[in-house]
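Okay, here's what each chain looks like letter by letter:
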Amino acid sequence: MIESGSLHFESLSFTGLAPGARLVVLGAVHGNETCGTQAIRRVIGEIESARLGIDAGTVTFVPVTNPLAYARHQRMGDRNLNRNLMPTRTPVEFEDRIANWLCPLLAQHDALLDLHSFHTAGAPFVMLGPENNGGTLEPFARATEETALAQCLGVHRFVDGWLDTYAAGVARRLAAGVSAREADVHYGVGTTEFMRAQGGIALTLECGQHDDPAAPDVAYRAIHNALAHLRLSSAPVPAAVSDTEALRLYQVTDRDHAGDRFFRDWASFDRLRAGEVIGVRHDGVPVLADRDGYIVFPNPNALPGQEWFYLARRSARV
Ligand SMILES: [Zn+2]
């Protein structure tokens, strides 16, 4: 077993001579998602050997954001770093210690590109923040800039609605008397939500299946395109992608019992027809799709009380 006391945090910054944007790029927030780590190290090599110039602004790379999870080749160390992300005076879990280092670093930047991969085969996608709004959950005023950055990364599928949907799930858990930490809306705050709360723009790029050999290239292209789009490098500004598909999460369903089972093996973005059977509860009650749409983040091994799957519908946003 890896001991957390032997680990360290690593970031590397490059600052150009001209003023400009401050971009931070994260890899391995989840320890088994290494496409971003590989892409970041490749880009650092290009900068250090003068094959890529940073002419303006600052770019900071964090190749391995969760070193404990990374050393263990697993998603989490003590817990999911991408939930309940905030500094704490009383760190208990290893991820609390990461947060106390990472959150002040994020706050020094104005744009975040967080590179992930996912469990089952599928096309890459970008997670967008909310549309501009003055609400209390996740007020935001920079959706145009954030969307423009997302559209230059080279990926065609866009998903939003994360925190709204998460908060609706929290409200349902509270109404059901659940007192676990999943019943706190702050538990839905990850790297991108923290970044937006600091005034920045932030994107999670899901680059492909964990072991897809193309995923590091998706991450690598996205870093280059972000550097060009934000004018940190002098490379030609990438065109916005066409042929886009925008989906909005609208509902999360928890696995209530260890006997709750999926009707079949679902992958993210499998299509659903209204009335289609998604799964069966332990008591035999079917779980049905309420409308035509898509299943997202299905997790057959979710612990009871945690998110089992999300539903998404088409959106006209991008
Ligand atoms: Zn991830």
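These figures come from a predicted structure and were not determined experimentally. (Residues numbered from 1 in each chain as written. Predicted model: local features only at pLDDT ≥ 70, side-chain atom pairs only at ≥ 80, totals over all residues.)

Caption draft 1: Region of interest: the domain arrangement of the protein. Each assigned domain of the protein is listed with its residue range as follows: domain 1 (4-243) and domain 2 (255-311). Taking only C-alpha atoms into account, the centre of domain 1 sits 27 Å from that of domain 2. Contact with domain 1, which involves 10 residues of that partner, is made by eight residues of domain 2. Considering only residue class, the side of domain 1 that touches domain 2 consists of five nonpolar, four polar and one charged. (Domains from an automatic or database assignment. Contact = placed C-beta atoms within 7 Å. Nonpolar A, V, L, I, M, F, W, Y, C, P; charged D, E, K, R; others polar.)

Caption draft 2: Layout of helix α1 (residues 35-48). Taking 1.5 Å per residue, 14 residues should reach 20 Å; α1 reaches 20 Å between its end C-alpha atoms and fits that length. Every buried residue of α1 is listed here: C35, G36, T37, A39, I40 and V43. Along its buried surface, α1 packs onto β2 (18-27), β3 (56-62), β4 (111-118), β7 (201-209) and α7 (215-229). (Helix = DSSP H or I, 4+ residues; strand = E, 2+ residues; numbered from the N terminus. Expected span 1.5 Å × (residues − 1). Buried ≥ 20, exposed ≤ 12 C-beta atoms within 10 Å, placed from the backbone.)

Caption draft 3: Highlighting the sheet that holds β2. Taken together, the 11 strands give an open sheet; going across it, the order is β1-β3-β2-β4-β7-β5-β6-β8-β14-β13-β10, and neighbouring strands pair in mixed fashion. With partners counted over all chains shown, the strands left at the sheet margins are β1 (12-15) and β10 (270-272), one partner each. Averaged over neighbouring strand pairs, the angle between their axes works out to 30° when direction is ignored. Contacting β5 (125-127), β6 (157-160), β8 (245-255) and β14 (306-314), helix α5 (residues 162-175) runs over the sheet at an angle of about 20° to β8. Packed onto the sheet, α7 meets β2, β3, β4 and β7 and runs at close to 155° relative to β7. (Pairing = 2+ DSSP bridges. Axes fitted to C-alpha atoms, helices over the stretch in contact; angles between N-to-C directions.)

Caption draft 4: Local environment of the packing of α1 against α7. Relative orientation of the contacting elements α1 and α7 amounts to 50°, with a least axis distance of 8 Å. The angle between α1 and α7 places the two elements in the oblique class. Once α1 is placed against α7, the crossing between them reads as right-handed. Facing α1, whose interface residues are C35, G36, Q38, A39, R42 and V43, α7 presents A215, P216, A219, Y220 and I223. Tallied by class, the residues present in the contact of α1 with α7 amount to eight nonpolar, two polar and one charged. (Parallel < 35°, antiparallel > 145°, perpendicular 65-115°, else oblique. Left-handed = near helix turned anticlockwise from the far one by under 90°.)

Caption draft 5: Structural view of the pairing of β8. Where β6 meets β8, four bridges bridge the pair, whose relative direction is parallel. Bridge assignment links V159 to a residue of β8, and that residue is L247. Where β8 and β14 come together, eight bridges link them in antiparallel fashion. Following the sheet pairing, V252 is matched in β14 by Y310.

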